Amino acid sequence: MEIIIAPSLLASNHACFGEGAKRAERSGADWLHFDIMDGHFVPNISFGPQVVKAVRPLTKLFFDIHLMCSKPDILFEAFAKAGADGMIIHVELGDQIPSHIQKIKALGKKVGLAVNPLTAIAAIEPYLEQIDLLLVMTVNPGFGGQEFIRECLPKIQQAAAWRRDKALAYRISVDGGVNDETGADCARAGADTFVAGTSLFGAADMKPAVAQLRRSVSEAVPH
Ligand code: DX5
Ligand code: ZN
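Residues numbered from 1 in each chain as written. Chains lettered and ligands numbered in written order. Predicted model: local features only at pLDDT ≥ 70, side-chain atom pairs only at ≥ 80, totals over all residues. Heavy atoms only, no water.

A.B. asks: Would you mind showing me how to read the sheet that holds strand β4 (residues 86–90) here?
C.D. replies: Within a beta sheet, neighbouring strands are joined by backbone hydrogen bonds and run either parallel or antiparallel to one another. On the basis of which strands lie adjacent, the open sheet formed by 8 strands has the order β1-β8-β7-β6-β5-β4-β3-β2 and parallel pairing. For this open sheet the edge positions go to β1 (4–7) and β2 (31–37), each flanked by a neighbour on one side alone. For this sheet, the mean angle separating the axes of adjacent strands, direction not counted, is 25°. Bridge count for β2 against strand β3 (residues 62–68) is 7 bridges, and the pairing is parallel. (Pairing = 2+ DSSP bridges. Helix = DSSP H or I, 4+ residues; strand = E, 2+ residues; numbered from the N terminus. Axes fitted to C-alpha atoms, helices over the stretch in contact; angles between N-to-C directions.)

Below you can see the structure in the form of structure tokens.
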């Protein structure tokens, strides 16, 4: 599967999101990742549909909206209208997942399902046939700049094994503490979609940082 590099706007300068988005596109990124935090599902608040809408006309990048929210459904329509291409919800929301998935699909958007470090990957298995992307969180969500949790790597292997055995086509994404080295470990385990905030937006020059991450993960992908 083609490699996707998705810089996370959370790590950009919050005084100028548009500049951050354009910088990611100029630097050769494939997607732009938006971390939406509600102060309830995670102990932090970030930004909402208004920011997505304001940034939308400035770039052609695919908008990957990661909803770290207890009630994401109240904003599905707003994010869809604002320019989301895909929306990711968390499997920790339990029995709400089937209706959330249907609502996102009804809006014509790609559906992602994320799993936190402390949640077993088995929670995602019932939904594999319905999703476009499986996001393995490699930090506890809520903040950028945290250290990669290596114990999450076997979940990526499991996600890849299911995809192969069931002949499915969902993307396998990783998010949290991803850099050249940890990204390569994820690629080796089966990841193809790499969200990175600090390691890309924190680079003095983002273009070589994106190229280096792409090279490291591409070389590590099992053939
Ligand atoms: C964590 C977010 C991540 C975060 C990644 O709550 O979901 O997308 O922005 O940031 P880094 O790459 O800095 O760990
Ligand atoms: Zn994220």
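A.B. asks: Looking at this structure, I do not really get the coordination of the zinc ion (ligand 2). What am I missing?
C.D. replies: Octahedral metal centres with six donors ideally show angles of 90 or 180 degrees, and tetrahedral centres with four donors ideally show 109.5 degrees. For the zinc ion (ligand 2), the full set of protein donor atoms is His33 (NE2), Asp35 (OD), His66 (ND1) and Asp175 (OD), at a range of 2.0 to 2.3 Å. Sequence spacing of the donor residues for the zinc ion (ligand 2), all on one chain, is H-x1-D-x30-H-x108-D. Residue His66 is found in strand β3, and its partner Asp175 is found in strand β7 (residues 171–175); the two are separated by 109 residues along the sequence. Both residues of the pair, His66 and Asp175, count as buried. (Donors = N, O, S within 2.8 Å, 3.2 Å for Na, K, Ca; no water. Buried < 20%, exposed > 50% of the residue type's maximum accessible area, 1.4 Å probe, protein only.)

A.B. asks: Sorry if this is basic, but what is going on with the site of ligand 1 here?
C.D. replies: In the vicinity of ligand 1 lie 20 residues, with Asp35, Gly142, Asp175, Gly197 and Thr198 positioned nearest. Contacts to ligand 1 include His66, whose side-chain N or O atom sits 3.3 Å from an oxygen atom. For ligand 1, the accessible surface in isolation is 380 Å², of which the surrounding protein chains cover 99%. Under a 2 Å grid-point criterion requiring more than half of the atoms, the pocket assigned to ligand 1 is the largest pocket. Among the secondary structure elements, those contributing two or more residues to the shell around ligand 1 are β2, β3 and β8 (193–196). Among the residues making up the shell around ligand 1, the classes are represented as 8 nonpolar, 10 polar and 2 charged. (Near = heavy atom within 4 Å. Polar contact = N/O pair within 3.5 Å; in protein donor to acceptor, adjacent residues only side chain to side chain. Areas by Shrake-Rupley, 256 points an atom, 1.4 Å probe, with all protein chains shown as cover. 1 Å grid on protein atoms, 1.4 Å probe; cavity = no way out; pocket = protein on both sides within 12 Å on 5 of 7 lines; lining within 4 Å. Sits in = over half its atoms within 2 Å of the grid points. Nonpolar A, V, L, I, M, F, W, Y, C, P; charged D, E, K, R; others polar.)

A.B. asks: I would appreciate a short explanation of the layout of surface pockets in the present structure.
C.D. replies: Sizing a probe to match a water molecule and rolling it over the atoms shows the empty space that remains. What the largest pocket holds in volume is close to 320 Å³. Around the largest pocket, the lining is made up of 26 residues, and of these Gly144, Gly145, Gly176, Gly177 and Gly197 lie nearest the centre. When residues of the lining of the largest pocket are traced back to their parent elements, those giving at least two are β2, β8 and α7 (198–201). Looking at the second largest pocket, its volume works out to about 230 Å³. As for the second largest pocket, its lining consists of 14 residues, and the residues nearest its centre are Ala160, Arg163, Gly190, Val221 and Pro222. When contributions to the lining of the second largest pocket are tallied by element, the ones reaching two or more residues are α5 (153–165) and α6 (180–189). Across the lining of the second largest pocket, the residue classes tally to 9 nonpolar, 1 polar and 4 charged. (Points joined across faces, edges and corners; volume = space filled by probe spheres on them.)

A.B. asks: Mind showing me how you'd approach the environment of Lys110 here?
C.D. replies: The residue Lys110 is located in strand β5 (residues 110–115) in this model. Note: C-alpha distance between Lys110 and Glu151 (41 residues apart in sequence) is 28 Å. Leave out the neighbours within four places in its chain, and Lys110 touches Phe62, Asp85, Gly86, Met87, Ile104 and Asp132. (Contact = heavy atoms within 4.5 Å.)

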